[in-house]
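Understanding the architecture of this molecule
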Amino acid sequence: MAELDTIRKELETLLKEVKQLQSQAAGPDAEKATAAAEPASAEADVSSASDALDELQAYLAARTGEAEEIFAEHPLATLAAAFLLGLVAGRIAFR
């Protein structure tokens, strides 16, 4: 859950930066219009980011379920892959 909060904060920061870049590209008149509309659009942006995070969470949950099914269907291959991955990680760590 802490990871989701971190991602949510990063998305909010990213949205602010994008808005700043858009206002700089549009010129000084657009900055005034953007500043007037920002309070209403900030809640919409947070809602949009929250929806995107919910969608991402559902996607990752589905992928996790698929991985668990594959592991259950092929336990020997999964064990061999984990063993080899451990060997590679050990070699890299002790260099």
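1. Focus: the overall build of the protein
Helices and strands together make up the secondary structure of the protein, namely 3 helices and 0 strands. If you list the helices and strands of the protein from N to C, you get α-α-α. Relative to its 95 residues, the protein shows a buried fraction of 6%. Of the roughly 8000 Å² of accessible surface on the protein, 63% is carried by carbon and sulfur atoms.

2. A short note on a nonpolar patch on the surface
Residues Ile 7, Leu 56, Tyr 59 and Leu 60 make up a contiguous nonpolar surface patch of roughly 350 Å² in combined accessible area. Per-element accounting of the nonpolar patch gives the leading share, 3 residues, to helix H2 (residues 28-73). The topology assignment puts Ile 7 in helix H1 (residues 2-26). The partly exposed category is assigned to Ile 7, whose relative accessible area is 31%.

3. Topic: the pattern of salt bridges
Scanning the entire structure with this criterion turns up 1 salt bridge. As a salt-bridge pair, Arg 63 and Glu 66 come within 2.9 Å of each other at their nearest N and O atoms. Of this pair, Arg 63 and Glu 66 are both found in helix H2, 3 residues apart, which corresponds to roughly one turn of the helix. Judged by relative accessible area, Arg 63 falls into the partly exposed class, the value being 42%.

The rules behind the values
Residues numbered from 1 in each chain as written. Predicted model: local features only at pLDDT ≥ 70, side-chain atom pairs only at ≥ 80, totals over all residues. Heavy atoms only, no water. Helix = DSSP H or I, 4+ residues; strand = E, 2+ residues; numbered from the N terminus. Buried < 20%, exposed > 50% of the residue type's maximum accessible area, 1.4 Å probe, protein only. Areas by Shrake-Rupley, 256 points an atom, 1.4 Å probe, with all protein chains shown as cover. Patch = residues over 30% accessible without salt bridge, like charges linked within 9 Å, V, L, I, M, F, W, Y side chains within 5 Å. Salt bridge = Lys/Arg side-chain N within 4 Å of Asp/Glu carboxyl O.

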